[in-house]
Amino acid sequence: MIRRASLVLVGALMGATAMSVIYSAGVPAEAAGASTYKELSVFGDVFERVRAQYVTPPAEDKLIENAINGMLSSLDPHSSYMNAKDAADMQTQTKGEFGGLGIEVTMEDELVKVITPIDDTPAAKAGVLAGDYISEIDGQSVRGLKLEDAVEKMRGPVNTPIKLTLIRKGADKPIQLTIVRDVVAVQAVKSRVEDDVGYLRVISFTEKTYPDLEKAIEKIKKTVPADKLKGYVLDLRLNPGGLLDQAIQVSDALLQRGEVVSTRGRNADETRRFNAGPGDLTDGKPVIVLINGGSASASEIVAGALQDLRRATVLGTRSFGKGSVQTIIPLGENGALRLTTALYYTPSGRSIQGTGITPDIKVEEPLPDDLKGKMVTEGESSLRGHIKGKSETDEGSGSVAYVPPDPKDDVQLNYALDLLRGKKTDPSFPPNPDKAVSAK
């Protein structure tokens, strides 16, 4: 297995769970031109006018923080500034445990948009759905708030209630929910045995992910004899991403060799390549990876690596399509900068930015009647201000992000189980590692 290999963030979207690890910023900046400094002097003049003459005395630190965030939000949806408290919260959440509701969110059209509720959290239990828009928090409109401020309002002491007003496509009127906050201890990997198949669901990529995966596989091996075990289903649906090093380790856990991913920054000498080493935790058993529109970033790295190296067959619908890497740059007592610094590429040299991972076997998950017309296609390509991928087309990325709560109703899962048991056949399964596709 390879060593812990990265200090950067590839989480899908900053929200109620922030997934990151500190990365040192030692890259010297080029001196700005004279015109740039002239524009900065204009900013200083405006700041002084506002500070001195606005109708009510403004909080100067907030003025500056909002100005910084305005600059960063103009770059792409994933770059942002974190003050000292937000940066500390981010580090806590990276460990896989935090307080709050348990939802992944972004900001869109001045509303907080739910990317996905995390399993077994207060938000999921209360009925919050992917694609919902939060318009009010405790009766206060979220319009005009930064994403960080809205998230802060949703956090709070355990066992305290919060009222959310949701706008849901297809609903006749806004939905009012009261949710009680709780400690959200996110189990990074959930597992079970489906008779003769091991089921592994990676929920997010935190510091717990690889250790949890290792334990889960060992537990499955002890439950099902090797001669009876047909293979594994690796479920990455609704997985919003997280730590790059964990995505690499999870990929490496199923690989014997080959490049897992490369990251390419602004300059050619910033390219970094990460390779797998010997040691397949599954002992070479067949693997099917499940993805959908809720599979983003780190989960797309895993799906892309296993697909390109022909280690696993990918089944489901097109993934979210976030192919960018964020670096966390500490700013001392002033917090940290979350800045997009690179794009990542699969072993074949594919950038999935704005396109996503296309499954080897496309299987749509039918929506129940009460959700038809209420869930929309999610994808990086639909985010305002996103970095346009080199292979991006009008087709865009993403697909509906829905997984039935009852495995018996899960069409994608049951299709995978039938493939592993030989009840269904497909030219893509099992894949041939000798036909792995690598970058030229």
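Worth saying up front: this structure is predicted, and the values here are computed from it rather than measured.

**Some thoughts on helix 2 (residues 60–73)**
Taking 1.5 Å as the rise per residue, helix 2 with 14 residues should run 20 Å; its terminal C-alpha atoms sit 20 Å apart, in good agreement. Among the residues making up helix 2, those that are buried are Glu 65, Asn 69 and Leu 72. Down the axis, helix 2 shows its buried residues gathered within 60 degrees of arc, on one side only. Summarising the contacts, the buried residues of helix 2 are in contact with strand 1 (80–82), helix 5 (147–154) and strand 18 (336–345).

**Examining the domain arrangement of the protein**
With domains assigned, the protein is organised as domain 1 (101–185) and domain 2 (189–435). Interface of domain 1 and domain 2: buried area, both sides summed, is about 1,300 Å²; carbon and sulfur atoms make up 56% of it. Taken together, domain 1 and domain 2 are joined by 2 residue pairs in polar contact (both at pLDDT 80 or more). Among the secondary structure elements, those contributing two or more residues to the side of domain 1 that touches domain 2 are strand 3 (103–108) and strand 4 (111–117).

**Let's talk about the environment of Leu 331**
In this fold, Leu 331 is placed in the loop between strand 17 (324–330) and strand 18. Along the backbone, Leu 331 and Thr 358 are 27 residues apart, and their C-alpha atoms lie at a distance of 39 Å. When near neighbours in sequence (up to four residues on either side) are disregarded, Leu 331 contacts Tyr 81, Ala 336 and Leu 337.

**Describing the nonpolar core**
Ranked by size, the top nonpolar core spans 44 residues in total, and within it Leu 234, Leu 236 and Val 289 carry the most contacts. Breaking this core down by element, the ones donating at least two residues are strand 11 (197–202), helix 6 (209–223), strand 12 (231–235), helix 7 (244–252), strand 13 (259–264), strand 15 (287–291), helix 8 (298–308) and strand 18. Looking at this core, the element that brings in the most residues is helix 8, giving 6 residues. In this structure Val 289 touches Leu 234, Leu 236, Ala 303, Leu 306, Ala 312, Thr 313, Val 314 and Leu 315, once residues within four positions along its chain are discounted. Judged by nonpolar contacts, the second largest core, of 21 residues, contains Ile 103, Tyr 133, Leu 147 and Leu 177.

Rules used in this analysis
- Residues numbered from 1 in each chain as written.
- Predicted model: local features only at pLDDT ≥ 70, side-chain atom pairs only at ≥ 80, totals over all residues.
- Heavy atoms only, no water.
- Helix = DSSP H or I, 4+ residues; strand = E, 2+ residues; numbered from the N terminus.
- Expected span 1.5 Å × (residues − 1).
- Buried < 20%, exposed > 50% of the residue type's maximum accessible area, 1.4 Å probe, protein only.
- Arc of directions from axis to C-beta.
- Contact = heavy atoms within 4.5 Å.
- Domains from an automatic or database assignment.
- Buried area = accessible area lost by both parts, 1.4 Å probe.
- Polar contact = N/O pair within 3.5 Å; in protein donor to acceptor, adjacent residues only side chain to side chain.
- Core = buried A, V, L, I, M, F, W, Y, C linked by side-chain atoms within 4.5 Å.

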